[in-house]
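# Residue-level structure breakdown
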Amino acid sequence: MTGFLGIETSLTGRRWVGPDAETARMAAALEQRAGLEPALAHVLARRGVTPEAAASFLAPALRDLMPDPRSLRDMDAAAARLIAAVEKGQRIAIFADYDVDGGASAALLIDWLRSLGRQATLYIPDRIDEGYGPNEPAMAELAKAHDLIICVDCGTLSHGPIAAAKGADVVVLDHHLAGATLPDCVAVVNPNRQDEDGSLAHLCAAGVVFLLLVEANRRLREAGQKTPDLIALLDLVALATVADVAPLTGLNRAFVRQGLKVMARRARPGLVALGDVARLDRPPTSYHLGFVLGPRVNAGGRIGAADLGARCLSTLDPAEAASLAKRLDDLNTDRREIEGRVREAALDQAGARGLEGALVWAADDGWHPGVVGIVAARLKEATNRPAVVIGFEGDQGKGSGRSVTGVDLGAAIQRLAAEGLIEKGGGHKMAAGLSLTRAQLDPAMARLEALLAKQGAGARGPGDLRIDGVMMPNACTVALIERLEEAGPFGAAAPAPRFALPGLRIRHSRPVGEGHLKLTLGDGTGTIDAICFDAAGKGLDAALQGHGGRALHVAGRVEVNHWNGRQSVQLRLEDAAWAE
């Protein structure tokens, strides 16, 4: 099969891959039988949506997709223990992970308890001093002053620390891959337990917490009590789902769609303040959750005070929210600078090692553990391969990995721990963490690459750019883009549609920002504005500025650009190829 529009090697070295014959047939059926616009029909066809399911897909109802929370093991015990603590006025502690999912999960519980007149102690471990998840000293100390400890986004593998919480009951609400045995506690609610059927394995921890609150509300209503408004909490679930790179399919997609509507009301002081410091002047989209708000919430846990994000998300005080958001924004700026230095060194090291295998990895002394995950994500994006980045302090290394669709990195990391090749590790399909010694590094990475190769990692090179169809400049309207957004939200397992615009000539181009290009492209039918981010890094700047009037095929994502209260169409240009 030849490349789409005949493009076997674009200006960035990629092969363009268009819809296959079956997808094209389904798109035609969606046009004819569901009355969809051609562009939208191609997007739904790529998702496997049939004409009969098109209407419900474009307008998903959360109530139709919500499972019975009791389908998860230990849910009954967890809900009963939570309600008992509320009714008896017992002391509750929340032990949360330091990322967005952990912070949002903690904020969900804090909000819900506050609505019932109860408070909770928030505890988030320091990434450097304590590491990920519950530790024995912290759990033992919390147990002295609390009757119930709820571990969110962590705890599934924490047998020892949970056993150290003597005198307190422990409930775990998590989504990370479980081992063969579970900690001895009241409940471990986790869709990725080995005895679960996997139907809810795509949920992040905040999704699991939300299901617990649904079940707790049901029990309270049966007892004739007033219950908190759970719909108002979906902004937190949406943020966590996108930021944790959970697949935006099924229930997750409905969570995020509804959560974005809640967020647009600007009712949560912390999210309002974060949007304001980020100069967000429009209702947020899934892009803003993943790349604008999420990184700021994460910044505290990465390089600052671990609890800043959760406190910002849960506060009711606008002044406190503004102060916390400003601190998080400053930390995020610092984080970008640290990340930039580590990213450059990691890319150089990985490139020298070779980028053609099933795994891309890099490790060195002094790399901040708060940024290795982000750098791993950058390596993954650049190579279309699972990536692991590790920072060493003396003999001890802490690392983080990111995977590609279809390759379960968490299971492979957990296998390394079971085989004794690393000290500890775990995670989920798309992301994982690990700790190891310097002597373990090379054997562990060799074994990990072998495990990932068996799953097919590296089989598809970075040269494949998937295209949903062709679009002409005069067809790119705000109305069409808004219609395409109905197929969203877009993110993990649900990529935003990418179109090819053939045979365009560059009417104008100018550098903007740091390495970006602003362009105007056109053909005989019309023109379209475009932005090419990191044009220099992609190797596109020379061609786009020194084109000599030659026609180009370009590929990217069409979007609505908001500027000074005006809306206009813009192409986010990702690749280009000479048309002649």
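Before going into details, it helps to say that this report is about the structure given with it. Just so it is clear, the model here is predicted, and its values are computed rather than measured. (Residues numbered from 1 in each chain as written. Predicted model: local features only at pLDDT ≥ 70, side-chain atom pairs only at ≥ 80, totals over all residues. Heavy atoms only, no water.)

### Things to note about the overall build of the protein chain
Summing up its helical and strand segments, the protein chain has 21 helices and 18 strands in all. For 580 residues, the compact-globule estimate of 2.2 N^0.38 gives 25 Å, and the protein chain sits close to it at 24 Å. When its C-alpha atoms are laid out on the principal axes, the protein chain stretches across 75 × 60 × 45 Å. The buried share of the protein chain, reckoned over its 580 residues, is 54%. For the protein chain, contacts bridging at least 24 residues in sequence account for 64% of all contacts bridging at least 6. Of the roughly 23700 Å² of accessible surface on the protein chain, 50% is carried by carbon and sulfur atoms. (Helix = DSSP H or I, 4+ residues; strand = E, 2+ residues; numbered from the N terminus. Rg over C-alpha atoms; globule rule 2.2 N^0.38 Å. Buried < 20%, exposed > 50% of the residue type's maximum accessible area, 1.4 Å probe, protein only. Contact = heavy atoms within 4.5 Å. Areas by Shrake-Rupley, 256 points an atom, 1.4 Å probe, with all protein chains shown as cover.)

### Points about the sheet that holds strand β8 (residues 387-393)
The strands making up a sheet associate through hydrogen bonds between their backbones, and the pairing can be parallel or antiparallel. What the five strands build is an open sheet, ordered β7-β8-β9-β11-β10; its pairing is mixed. Every other strand in the sheet has two partners, leaving β7 (360-365) and β10 (424-427) as the edge strands with one partner each. Strand-to-strand twist in this sheet, taken as the mean axis angle between neighbours without regard to direction, amounts to 15°. As paired strands, β10 and strand β11 (residues 431-437) are joined by four bridges and run antiparallel to one another. Each bridged residue has a counterpart across the sheet, and for Gly427 the counterpart in β11 is Ala432. Here helix α18 (residues 441-454) sits on the sheet in contact with β7, β8 and β11, set at roughly 170° to β8. (Pairing = 2+ DSSP bridges. Axes fitted to C-alpha atoms, helices over the stretch in contact; angles between N-to-C directions.)

### Examining the sheet that holds strand β2 (residues 92-96)
Taken together, five strands build an open sheet; the order of strands is β3-β2-β4-β5-β6 and the sheet is parallel. Edge positions in the sheet fall to β3 (121-123) and β6 (187-189), since each of these pairs with one other strand and no more. Averaged over all neighbouring strand pairs, the angle between strand axes comes to 15°, with direction disregarded. Running over the sheet, helix α6 (residues 100-115) touches β2, β3, β4 (148-152) and β5 (169-173) and is turned about 160° from β2.

### Observations concerning the nonpolar core
The nonpolar side chains of soluble globular proteins are, as a tendency, buried together. Ranked by internal contacts, the top residues of the largest apolar core, which has 79 residues, are Trp112, Leu173, Leu213, Leu274 and Leu313. Residues Ala45, Val49, Leu484 and Leu544 belong to the second largest nonpolar core, which totals 41 residues. (Core = buried A, V, L, I, M, F, W, Y, C linked by side-chain atoms within 4.5 Å.)

### Quick look at the environment of Arg33
If you trace the backbone, Arg33 turns up in helix α1 (residues 21-34). Assessed through its relative accessible area of 56%, Arg33 is described here as exposed. For the pair Arg33 and Arg438, spaced 405 residues apart in sequence, the C-alpha separation works out to 60 Å. Excluding residues that lie within four positions of it along the chain, Arg33 makes contacts with Pro51 and Glu52.

### Concerning the side chain of Asn192
Residue position: Asn192 is located in the loop between β6 and α9 (205-222). Judged by its relative accessible area of 13%, Asn192 is buried. Contact partners of Asn192, with chain neighbours within four places excluded, come to His175, His176, Leu177, Ala178 and Ala201.

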